[in-house]
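# Observations on chain architecture
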Amino acid sequence: MSNWEIVIGLETHTQLTTASKIFSGSSTAFGAAPNTQASVVDLAMPGALPVMNKGAVERAVKFGLAIGAKINQRSIFARKNYFYPDLPKGYQISQFETPIVQGGGLTITLDDGTTKFIELTRAHLEEDAGKSVHTEFEGASGVDLNRAGTPLLEIVTEPVMRSAKEAIAYAKALHNLVRYLDICDGNMQEGSFRCDVNVSVRPMGQKEFGTRREIKNLNSFKFMQQAIDYEVRWQIEQIEDGKKIVQATVLFNPDTGETRAMRSKEDAMDYRYFPDPDLPPLVVSDEMLARIRASMPEMPQAKCDRFVSQYGLSRNDAQFLTRDNGMARYFEATVGAGSDPTVVANWMLGELLAALNRAEIGIDQSRVTTVRMADLLARISNGTISHKIGKTVFEALWADENASVDGIIESKGLTQISDSGTLEKIVDEVLAKSAAQITDFKSGKEKALMSIVGMVMKASQGKANPAQVNEIVKRKISAL
């Protein structure tokens, strides 16, 4: 494969977070019974006219500003003509010649720390199609039009990626950004974030692009990696065997790990685009553009830099905490309540993240609020409880959203033992049974000390102050 260069471009359909559809008042909520969220506009009933959803426009502009793109304050909607059972009108309303967003780009960071700027061609507004259902009826298919008219922002890159790793890094960066901006929930399982990957190969050094094939509707980063890897190998093998690549739309089968052709790839001329006569040009006023620009949040990279300089976090920790606006808000709220920034970051990236992953929920649904997290860290900081006991308290807080930190500590008797007399008594009892460890420590084996401290902690049921125990054990052993 070293003789071949891979060329990749992505088209990503992001479902916008509006409560209603792009041209009708129907709900966009996921999971409703089939065909219960489709109005006369979505069903293409005669005489039903589309009305533009202002919220969708605002979200598209917000994205364009975030990537440094040109906002076309006058854009056009077109009819993209094709015929399929889940497309009631026989055409899709989209944007073709003049999209609302042009240019811009995203900087990605690869595993080795190198960065690359991925240029975007455009981002345009369009409506989603419905869904064909093939499993509900024996010998027949059904059509669910709940998704018909759902607002999408299709984001298109230039063909500038040269490996599956670059494509995955870009897709993840884009996924993080649209969630950070709160314009898309990013739920890939529900179809809110779907990627089409255009893949071609060419001999190393050749300027002309090879013939591309488009892998449709990839809804996980893992499948994207597998699909690209397979498609690249397949195309190279075909060319080396003397065969030609035919431009096509292909599907990826995760069960077999293979792609298969679905249909020959259409070009723009096949869709017979023309301006939609039912929709006037979309105009973004100077006032609207200024208002959206003023409401833009601090961008992830700027926030990351600030977290490093203001809070003294490592670059890796800052990047993780700022890739999601909810994580960043939680961090700053907890720090604002008086907690040490580094300690907050460690707990968020440790106990809190693990609990969120187990519960399969986001930070905004955390069962431990920022106030309770700050209370917990304060009790660890002032020596009321140890770090280890803190994990026990955290678990209790997660299990009972009404419980307080102090209430849990008191009810479970978890207060840290810091009384020197009590600790010395426990240490004496442990040392009396640890002759071998004492000998090992005196002969230079540092691990023996940790073994003795561990036994003291166990004897105190984890309540002993670790720093005091360490000091007392060292002092007593040196006196033996």
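These remarks concern the structure in this document. (Residues numbered from 1 in each chain as written. Predicted model: local features only at pLDDT ≥ 70, side-chain atom pairs only at ≥ 80, totals over all residues. Heavy atoms only, no water.)

Turning our attention to the overall build of the chain. Check the secondary structure of the chain and you find 15 helices and 17 strands. A compact globule built from 480 residues would reach a C-alpha radius of gyration of about 23 Å, whereas the chain, at 29 Å, exceeds it by more than 25%. Principal-axis analysis of the C-alpha atoms places the extent of the chain at approximately 90 × 55 × 50 Å. The buried share of the chain, reckoned over its 480 residues, is 47%. (Helix = DSSP H or I, 4+ residues; strand = E, 2+ residues; numbered from the N terminus. Rg over C-alpha atoms; globule rule 2.2 N^0.38 Å. Buried < 20%, exposed > 50% of the residue type's maximum accessible area, 1.4 Å probe, protein only.)

Let us look at the environment of V101. Residue position: V101 is located in strand β6 (residues 101-102). For V101, a relative accessible area of 0% corresponds to the buried category. Between the C-alpha atom of V101 and that of A69, which follows or precedes it by 32 residues, the distance is 6.4 Å.

Further remarks concern a nonpolar patch on the surface. Residues V40, L43 and M45 make up a contiguous nonpolar surface patch of roughly 240 Å² in combined accessible area. Residue position: V40 is located in the loop between β1 (4-15) and α1 (54-66). Note on V40: relative accessible area 49%, which makes it partly exposed. (Patch = residues over 30% accessible without salt bridge, like charges linked within 9 Å, V, L, I, M, F, W, Y side chains within 5 Å. Areas by Shrake-Rupley, 256 points an atom, 1.4 Å probe, with all protein chains shown as cover. Salt bridge = Lys/Arg side-chain N within 4 Å of Asp/Glu carboxyl O.)

So, on to unusual backbone geometry. Backbone phi values are negative for most residues with the exception of glycine, while trans is the configuration of most peptide bonds. Unusually for a residue other than glycine, A44 sits at a positive phi of about 60 degrees. Within the element layout of this structure, A44 appears in the loop between β1 and α1. The partly exposed category is assigned to A44, whose relative accessible area is 28%. The backbone of D182 shows a phi angle near 60 degrees, a positive value even though the residue is not glycine. Along the chain, the position of D182 falls in the loop between α2 (164-180) and β12 (193-203). A relative accessible area of 55% means that D182 is categorised as exposed.

Two elements in contact, helix α9 (residues 370-381) and helix α11 (residues 405-412), have axes separated by 9 Å at closest approach and are oriented at 50 degrees. Considering their axes alone, α9 and α11 lie oblique with respect to each other. Contacts from R372, D375, L376 and R379 in α9 reach V405, D406 and I409 in α11. Residue composition of the contact of α9 with α11, by class: three nonpolar, no polar and four charged. (Axes fitted to C-alpha atoms, helices over the stretch in contact; angles between N-to-C directions. Parallel < 35°, antiparallel > 145°, perpendicular 65-115°, else oblique. Contact = heavy atoms within 4.5 Å. Nonpolar A, V, L, I, M, F, W, Y, C, P; charged D, E, K, R; others polar.)

Quick look at the sheet that holds strand β4 (residues 78-81) now. A sheet is described by the order of its strands in space; here three strands give the open sequence β5-β4-β16, paired in antiparallel fashion. Taken across any chain shown, the strands that pair with only one partner, and hence form the sheet edges, are β5 (91-94) and β16 (274-275). Of the strand pairs in this sheet, β4 and β16 are connected by two bridges, and their pairing is antiparallel. Directly across from R79, in β16, lies its bridge partner F274. (Pairing = 2+ DSSP bridges.)

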